[in-house]
Amino acid sequence: GDSVTQMEGPVTLSEEACLTINCTYTATGYPSLFWYVQYPGEGLQLLLKATKADDKGSNKGFEATYRKETTSFHLEKGSVQVSDSAVYFCALSEDTGFQKLVFGTGTRLLVSP
Amino acid sequence: DVKVTQSSRYLVKRTGEKVFLECVQDMDHENMFWYRQDPGLGLRLIYFSYDVKMKEKGDIPEGYSVSREKKERFSLILESASTNQTSMYLCASSVRGGNQPQHFGDGTRLSIL
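Residues numbered from 1 in each chain as written. Chains lettered and ligands numbered in written order. Predicted model: local features only at pLDDT ≥ 70, side-chain atom pairs only at ≥ 80, totals over all residues. Heavy atoms only, no water.

Focus on the sheet that holds strand 9 (residues 75-77) of chain A
Residue and element names in this part refer to chain A.
Line of reasoning, step 1. The strand order across the open sheet built from four strands is 3-9-8-7, with neighbouring strands paired in antiparallel fashion. Looking along the sheet, the strands with just one partner apiece sit at the ends: strand 3 (19-21) and strand 7 (56-59). Each strand of the sheet is rotated relative to its neighbour by a mean of 15°, with strand direction disregarded.
Line of reasoning, step 2. With two bridges connecting them, strand 8 (residues 62-65) and strand 9 associate as antiparallel partners. By the bridge assignment, Glu63 is partnered in strand 9 with Glu76. (Pairing = 2+ DSSP bridges. Helix = DSSP H or I, 4+ residues; strand = E, 2+ residues; numbered from the N terminus. Axes fitted to C-alpha atoms, helices over the stretch in contact; angles between N-to-C directions.)

Below is the structure:
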């Protein structure tokens, strides 16, 4: 079945450092890929998405490129802020109409001043 | 703005009790979902519904049931609560088709004593 693997955390960075959170996937078809973010005490929010190979999703300074050849969708940001501290989830969805998501286990990011 | 509301943020129940978790969305979405979130396991799909009175099992349906009598409301039922059902429960909704994102509630942290 479909699966998503993302790097274990926590990832600890100083403010203004560069961020990369790795995500790879296994899927039978051509899934859409998502990054969700969960701030403390809240539910998940969509951060960005890409629906086909070579698409780049971007939002709030975060970017991720859909790489079909390496089955990857790594999350990057050039300069993190303390307010980026959260748990980040990579997910995929096969286009079955039901929008079922398969999630990775999440990566906690801690940014210190 | 999109809104998914879960009836309780925190809930404490005893083993053997029948427990109801309620979720309401105000976006006229066709699809609704229940997940549980556990450390190191990410989000796992319990049940989903693609229309009123329709339901489909997710990856971990054992010990749970659901009800969708109205389009905006999706209830998760623990028939006889057990301690291994202590978890964070997240509800989500989405439109049907087109790889649209899911919108999440803030979660219910359920403790079974």
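A closer look at the sheet that holds strand 1 (residues 4-6) of chain B
Residues and elements named next belong to chain B.
Line of reasoning, step 1. Taken together, the four strands give an open sheet; going across it, the order is 1-3-8-7, and neighbouring strands pair in antiparallel fashion. Because the sheet does not close on itself, it has two edges, and the strands there are strand 1 and strand 7 (64-70). Adjacent strand axes in the sheet meet at a mean angle of 20° when their direction is disregarded.
Line of reasoning, step 2. Sheet topology places strand 3 (residues 19-25) next to strand 8 (residues 73-78); six bridges connect them, and they run antiparallel. Within strand 8, the residue paired with Glu22 across the bridge is Ser75.

Things to note about the packing of aromatic side chains
Line of reasoning, step 1. Taken as a whole and judged by the stated rule, the model has twelve aromatic pairs over all chains.
Line of reasoning, step 2. Ring geometry for A:Phe34 versus A:Tyr36: centroids 6.1 Å apart, planes at 35°, classification tilted.
Line of reasoning, step 3. One aromatic cluster in this structure is built from A:Phe34, A:Tyr36, A:Phe89, A:Phe103, B:Phe33, B:Tyr35, B:Phe48 and B:Phe104. (Phe/Tyr/Trp six-rings, centres within 6.5 Å; stacked < 30°, edge-to-face > 60°.)

So, the interface of chain A and chain B
Line of reasoning, step 1. Contacts between the two partners involve 23 residues from chain A and, on the opposite side, 25 residues from chain B.
Line of reasoning, step 2. Summing the contributions of chain A and of chain B, the shared interface buries around 1,900 Å²; its carbon and sulfur component is 54%.
Line of reasoning, step 3. Along the contact surface separating chain A from chain B lie zero salt bridges.
Line of reasoning, step 4. For the pair chain A and chain B, the number of links is four residue pairs in polar contact (both at pLDDT 80 or more).
Line of reasoning, step 5. Residues of the side of chain A that touches chain B, tallied by class, amount to eight nonpolar, ten polar and five charged. (Contact = heavy atoms within 4.5 Å. Buried area = accessible area lost by both parts, 1.4 Å probe. Salt bridge = Lys/Arg side-chain N within 4 Å of Asp/Glu carboxyl O. Polar contact = N/O pair within 3.5 Å; in protein donor to acceptor, adjacent residues only side chain to side chain. Nonpolar A, V, L, I, M, F, W, Y, C, P; charged D, E, K, R; others polar.)

Topic: the pattern of salt bridges
Residues and elements named next belong to chain B.
Line of reasoning, step 1. For the coordinates displayed, the defined rule picks out eight salt bridges over all chains.
Line of reasoning, step 2. The residue Asp28 makes a salt bridge to Lys71 at a minimum N-O spacing of 3.1 Å. Residue Asp28 is found in the loop between strand 3 and strand 4 (31-38), and its partner Lys71 is found in the loop between strand 7 and strand 8; the two are separated by 43 residues along the sequence.
Line of reasoning, step 3. Look at Asp28 and you get exposed, because its relative accessible area is 54%. (Buried < 20%, exposed > 50% of the residue type's maximum accessible area, 1.4 Å probe, protein only.)

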